[in-house]
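Structure assessment
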Amino acid sequence: MDNFLRLENRHTGEVLVMRRMRDAQGQTVLTLDGTLPPGTSGPPLHVHFHENEEGIVKAGTLGAQIGNDKFVVPAGGTVVLPAGRPHRWWNAGDDLLVFSGHVVPVDLDRYLQAVFAVLNASDGRPPIFYLAHVLWRHRDTQLLLIPPPPMQRILLPVVLIIGRILGKYSGSSLPGSPESCPGAPLVDGEA
């Protein structure tokens with residue numbers, strides 16, 4: 001068994017390597033190491049209701065937005081993306097963006113594993129039935145802000161009902177299913 005979870009978006013080339021570790025106080029922390037090619041956007045504007053993200057830019061240039069504020073973080077700089085605040089990030093330079101960070105509390109890994117599976121099951125646009133399944137399942141911890149949340153509260157249940165009628169959710173082989181997304185392994189050692 002690997003001591004990490006490796007995710008790759010086959011469309012953008014984004015790579016994330018994650019593992020769960022315990023910090024000095026015994027709290028579980030999700031560690032992230034990733035890369036994003038030049039000219040590539042990271043995730044759209046979103047909110048983590050509970051998780052705080054912190055990271056360091058190891059190489060390249062990270063562009064970020066928190067609320068309405070946009071800023072650039074050069075190599076060696078750090079970024080803090082607080083829980084409950086809309087944010088997004090992207091490669092703002094001409095070189096490969098390399099970053100490392102951590103997230104607490106831990107739930108983001110299962111969500112990202114499901115999102116990457118859905119994205120990779122497509123030829124560019126994520127299959128709406130599977131994306132709706134993931135977004136609805138994680139609605140208490142994660143929120144994409146596109147389309148607007150009031151619209152999502154109406155559309156996602158409708159898409160899920162249609163998906164059930166069409167048999168899109170039978171079995172556990174659907175992209176991003178809970179069974180296929182156990183999250184990152186817990187590794188011995190301190191974060």
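Now for a quick tour of the structure. Please read all numbers here as calculations on a predicted model, not as lab measurements. (Residues numbered from 1 in each chain as written. Predicted model: local features only at pLDDT ≥ 70, side-chain atom pairs only at ≥ 80, totals over all residues. Heavy atoms only, no water.)

**Examining the overall build of the protein chain**
Tallying secondary structure elements over the protein chain gives three helices and twelve strands in all. By the compact-globule yardstick of 16 Å for 191 residues, the protein chain fits well, its C-alpha radius of gyration being 17 Å. Along the longest, intermediate and shortest principal axes, the C-alpha atoms of the protein chain span 50 × 35 × 30 Å. Burial analysis of the protein chain (191 residues in total) assigns 47% to the buried set. Long-range contacts, defined here as pairs at least 24 residues apart, represent 69% of the contacts in the protein chain between residues at least 6 apart. When the accessible surface of the protein chain is summed, it comes to about 9900 Å², and 56% of that surface belongs to carbon and sulfur atoms. (Helix = DSSP H or I, 4+ residues; strand = E, 2+ residues; numbered from the N terminus. Rg over C-alpha atoms; globule rule 2.2 N^0.38 Å. Buried < 20%, exposed > 50% of the residue type's maximum accessible area, 1.4 Å probe, protein only. Contact = heavy atoms within 4.5 Å. Areas by Shrake-Rupley, 256 points an atom, 1.4 Å probe, with all protein chains shown as cover.)

**Things to note about the nonpolar core**
Core analysis: the largest hydrophobic core is formed by 40 residues, its most contacted members being Met18, Leu30, Leu62, Trp89 and Tyr111. Excluding residues that lie within four positions of it along the chain, Leu30 makes contacts with Met18, Arg19, Arg20, Gly101, His102, Val103, Val106, Leu108, Asp109 and Ala184. (Core = buried A, V, L, I, M, F, W, Y, C linked by side-chain atoms within 4.5 Å.)

**Describing the pattern of salt bridges**
According to the stated counting rule, one finds three salt bridges in the structure shown. Close ionic contact of Glu8 with Arg6 constitutes a salt bridge, the shortest N to O distance being 3.0 Å. As a salt-bridge pair, Asp109 and Arg20 come within 2.8 Å of each other at their nearest N and O atoms. With Asp109 in helix α1 (residues 108-120) and Arg20 in strand β2 (residues 15-22), this pair connects stretches of sequence that are 89 residues apart. Comparing Asp109 with Arg20 shows no difference in burial state: the two are buried. (Salt bridge = Lys/Arg side-chain N within 4 Å of Asp/Glu carboxyl O.)

By themselves, these observations are geometric and do not establish any function.
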